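Spelled out, the chains give:
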Amino acid sequence: MGKVVLVTGVARQLGGRFVRRIQREPDVDRVIGVDAVPPGHHLGGADFIRADIRHPRIARVLAEHSVDTVVHMDVNGTPLGKRGSRATVKETNVIGTMQLLGACQKTPSVKRLVVKSSTNVYGSAPRDPAIFTETTPPKSLPSGGFAKDVVEVEGYVRGFARRRPDVAVCVLRFANILGPCADSPLAEYFALPVLPTVLGFDPRLQFAHEDDVIEVLRIASGEPRRGTLNSGTFNIAGDGVLLLSQAARRLGRPTLPFFLPTVTWVGSALRSVGVTDFSPEQIRLLTHGRVVRTTQMRETLGFDPRYTTAGAFEDYARSRGPGLLPPETLARTVDRIAAALPAGRGQK
């Protein structure tokens, strides 16, 4: 019999796409998609089991179906659509991962684990190195938000790897994922009609296209090809970098610079008008940026992305349509943000 692959987080577009793709692998006999809510898209010939990974039932699912490969994609920075909250996302990221790894540890049939992580694990700080490698420690550990979640998730994964040395573990640290269906915090930020920026800073950014995300997950979940190794931790990003100013111009979005002490109030204002989750970790990224080295991705994992960072951003921008807005719409948005700021906190 072929492999039995279990995929978490299949209610999201990215999870659904991966499920449909992995079914075409010749050595895969069965694919099981798991999520707390039914997906709004089809999963091809995969089986869907409605199960919340935060609860112990996931252990029964693994055991009953003799799962040998687990692809954990339910590690995210935003809620699913309008459902859930930041607290729910954190519980799924951290508590859900703990429960899933505990279930994997007790299931002898599990032989491979792939975890979708993020370069957020490195944080963003003023004294950061120009380029992070997989072994570079962060100058300042993330104190909250999605970045702290992925730090905790990877800590649990390392503990699991020590307890189950017979399981091949692959952790993929993705740069900001972009594409037509992307639902990351940065994708929400770039969808704003006006982009708040930090005055005096123009950070370097990297992106991974969602098509490349699917392909590298496929490579990580299979047997390694000759001359490659798909166990370990790998940075995943497209070649090159984009400055935030370049990204704004390519989108056709105007920017609205604020002094750094004011930006946290801008984030509160944006949340109050329901625009986006402009979190402190995102503010740090848009201040200091982050760039990672992808040598191991190419030389060890054997993966060459189809899209560069600029190419991934271009495809995202194309899916969002023209960015130039009518003046009255632009003015109304700026006025709403300014009105939500406390008196005296705006830019002078």
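Residues numbered from 1 in each chain as written. Predicted model: local features only at pLDDT ≥ 70, side-chain atom pairs only at ≥ 80, totals over all residues. Heavy atoms only, no water.

1. Side note on the overall build of the protein
Then step 1. Helix and strand counts for the protein stand at 12 helices and 13 strands.
Then step 2. A sequence separation of at least 24 residues applies to 81% of the contacts in the protein between residues at least 6 apart. (Helix = DSSP H or I, 4+ residues; strand = E, 2+ residues; numbered from the N terminus. Contact = heavy atoms within 4.5 Å.)

2. What about the sheet that holds strand β6 (residues 168–174)?
Then step 1. If you trace the 7 strands from one edge of the open sheet to the other, you get β3-β2-β1-β4-β5-β6-β11, paired in parallel fashion. Two strands bound the open sheet, and with one partner strand each, they are β3 (47–50) and β11 (232–236). Within the sheet, the average angular offset between the axes of one strand and its neighbour, ignoring direction, is 20°.
Then step 2. Note: β6 against β11, 5 bridges, orientation parallel. Note on β11: the bridge partner recorded for Arg173 is Asn235.
Then step 3. Lying over the sheet, helix α1 (residues 13–22) contacts β1 (3–8), β2 (28–35), β4 (69–72) and β5 (112–118), oriented at roughly 165° with respect to β2.
Then step 4. Sheet contacts for helix α3 (residues 86–106): β1, β4 and β5; angle to β4, the most-contacted strand, approximately 175°. (Pairing = 2+ DSSP bridges. Axes fitted to C-alpha atoms, helices over the stretch in contact; angles between N-to-C directions.)

3. As for the packing of aromatic side chains
Then step 1. Evaluated as defined, the whole model comprises 7 aromatic pairs.
Then step 2. Taking 6.1 Å as the distance between ring centres and 75° as the angle between the ring planes, the aromatic pair formed by Phe190 and Phe207 counts as edge-to-face. Taken as a pair, Phe190 in helix α5 (residues 185–190) and Phe207 in strand β10 (residues 207–209) lie far apart in primary sequence, 17 residues in all.
Then step 3. For Phe190, a relative accessible area of 0% translates into the label buried.
Then step 4. Note on Phe207: relative accessible area 0%, which makes it buried.
Then step 5. In this structure an aromatic cluster arises from ring pairing among Tyr189, Phe190, Phe207, Phe313 and Tyr316. (Phe/Tyr/Trp six-rings, centres within 6.5 Å; stacked < 30°, edge-to-face > 60°. Buried < 20%, exposed > 50% of the residue type's maximum accessible area, 1.4 Å probe, protein only.)

4. Considerations on the confidence of the model for the protein
In low-pLDDT regions, the fine details of the predicted coordinates are not to be read closely.
Then step 1. In the predicted model, the protein carries a mean pLDDT of 88, and 87% of its residues have values of at least 70.
Then step 2. In this model, residues 343–348 is a region of pLDDT below 50 whose contacts with residues beyond four sequence positions or in other chains number 9 contacts. (pLDDT = per-residue confidence, 0-100.)

5. Topic: the pairing of β5
Then step 1. Counting buried positions over the 7 residues of β5 gives 7, a clear majority of the element.
Then step 2. Here β5 shows two buried faces, one formed by Arg112, Val114, Lys116 and Ser118 and the other by Leu113, Val115 and Ser117.
Then step 3. Two strands pair when backbone bridges link them, and β4 and β5 are joined in this way by 4 bridges, in the parallel orientation. Within β5, the position partnered with Val71 by the bridge is Val114.
Then step 4. Pairing between β5 and β6: 7 bridges, direction parallel. Paired with Ser117 across the bridge in β6 is Arg173.
Then step 5. With helix α4 (residues 145–163) bridging β5 and its parallel neighbour β6, the resulting β-α-β unit is right-handed. (Right-handed = clockwise from strand over helix to strand, strands pointing away.)

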